[in-house]
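# Report on the structure
Now for the letters of each chain:
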Amino acid sequence: MKIGDIYQTADWKTEKHVPVIEAPDTVKADEVFNVTISLGKEIAHPNTTEHHIRQITLYYKPEGGKFAYQAGHFEFSAHGEDASGPNQGPIYTNHSVTCGLKLTTSGTLIASAFCNIHGLWESEKAITVQS
Ligand code: FE
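Here's a quick rundown of the structure. Keep in mind it's a predicted model, so treat the numbers as computed, not measured. (Residues numbered from 1 in each chain as written. Predicted model: local features only at pLDDT ≥ 70, side-chain atom pairs only at ≥ 80, totals over all residues. Heavy atoms only, no water.)

### Things to note about the overall build of the chain
- Each helix and strand counted, the chain has zero helices and nine strands in total.
- Written out in order from the N terminus, the α and β elements of the chain read β-β-β-β-β-β-β-β-β.
- Dimensions of the chain, computed from the C-alpha atoms along their principal axes, are close to 55 × 35 × 25 Å.
- Within the chain, the fraction of its 131 residues that count as buried is 40%.
- At a minimum sequence separation of 6, the contacts of the chain that also span at least 24 residues come to 61%.
- Averaging the coordinates of the 10 positive side-chain charges in the chain and doing the same for the 15 negative ones gives two points 7 Å apart. (Helix = DSSP H or I, 4+ residues; strand = E, 2+ residues; numbered from the N terminus. Buried < 20%, exposed > 50% of the residue type's maximum accessible area, 1.4 Å probe, protein only. Contact = heavy atoms within 4.5 Å. Lys, Arg positive; Asp, Glu negative; His and termini not counted. Charge placed at Lys NZ, Arg CZ, Asp CG, Glu CD.)

### Considering the side chain of threonine 49
- Locating threonine 49 in the fold gives a position in the loop between strand E4 (33-38) and strand E5 (53-62).
- Contact partners of threonine 49, with chain neighbours within four places excluded, come to His79, Gly80, Glu81, Pro86, Asn87 and Asn116.

### As for the pairing of E5
- Within E5, seven of the ten residues are buried, which leaves it mostly tucked inside the rest of the structure.
- Relative to strand E8 (residues 107-115), E5 runs antiparallel, the two sharing nine bridges. Bridge pairing links isoleucine 56 to alanine 113 in E8.
- Hairpin connection from E5 to strand E6 (residues 69-75): six residues lie between these consecutive antiparallel strands, with glycine 64 at a positive phi of about 75 degrees. (Pairing = 2+ DSSP bridges.)

### Side note on the coordination of the iron ion
- Protein coordination at the iron ion: the donors are His17 (NE2), His45 (NE2), His51 (NE2), Cys115 (SG) and His118 (ND1), at 2.1 to 2.4 Å from the metal.
- The exposure class assigned to histidine 17 is buried, which follows from its relative accessible area of 4%.
- Residue classification places histidine 118 among the partly exposed residues on the basis of a relative accessible area of 35%. (Donors = N, O, S within 2.8 Å, 3.2 Å for Na, K, Ca; no water.)

### Overview of the nonpolar core
- Of all hydrophobic cores here, the largest spans 23 residues; its most connected members are Val35, Leu58, Leu109 and Ile127.
- Setting aside residues up to four positions removed in sequence, isoleucine 127 forms contacts with Ala23, Pro24, Asp25, Val27, Phe33, Tyr60, Leu103, Ser106, Gly107 and Leu109. (Core = buried A, V, L, I, M, F, W, Y, C linked by side-chain atoms within 4.5 Å.)

### Quick look at a nonpolar patch on the surface
- A cluster of nonpolar side chains, namely Met1, Ile3 and Ile6, defines an oily patch on the protein surface of about 400 Å² accessible area.
- Within the fold, methionine 1 resides in the segment before strand E1 (7-8). (Patch = residues over 30% accessible without salt bridge, like charges linked within 9 Å, V, L, I, M, F, W, Y side chains within 5 Å. Areas by Shrake-Rupley, 256 points an atom, 1.4 Å probe, with all protein chains shown as cover. Salt bridge = Lys/Arg side-chain N within 4 Å of Asp/Glu carboxyl O.)

### Thoughts on the environment of valine 27
- Mapped onto the elements of the fold, valine 27 is located in strand E3 (residues 26-28).
- Residue classification places valine 27 among the buried residues on the basis of a relative accessible area of 6%.
- Beyond its immediate sequence surroundings of up to four residues, valine 27 is in contact with Phe33, Leu103, Ile127, Thr128, Val129 and Gln130.

### A few points about the sheet that holds strand E2 (residues 20-22)
- Reading across from one edge, E2-E4-E7 is the order of the three strands in this open sheet, with antiparallel pairing throughout. The sheet is open, and its two edges are formed by E2 and strand E7 (97-101), each paired on a single side. Sheet twist, expressed as the average angle between the axes of neighbouring strands with direction ignored, equals 20 degrees.
- Where E4 lies against E7, five bridges are found, and the strand directions are antiparallel. The residue bridging threonine 36 from the neighbouring strand is threonine 98, located in E7. (Axes fitted to C-alpha atoms, helices over the stretch in contact; angles between N-to-C directions.)

Laid out in structure tokens, this is it:
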């Protein structure tokens, strides 16, 4: 068993756990652009105390490079917990995040999402950098 074996993937249009990466196909070198990562764009994922997305991590693997870089790690901490009981709380953190990135070389964005009861899911998106 390797760590990669615990990551599942599928088409995000039919599987609510797969992270959806929204970013331009082509960007200019050294120019900041936004990446949005969300879940359940087609089929909503629950956000309850018992069943929710805990975190999303974004990596970048440059073309021809050996190593991946971590671009960001985002925790979604509130899921209706309350002293009076589950789902009685006043706040739920939704599982979507937007961050700015700047690249110098083409490569692949890789996102992972962790559901508290359905484990780890991944998806990727290629990005071309024009100099
Ligand atoms: Fe789930």
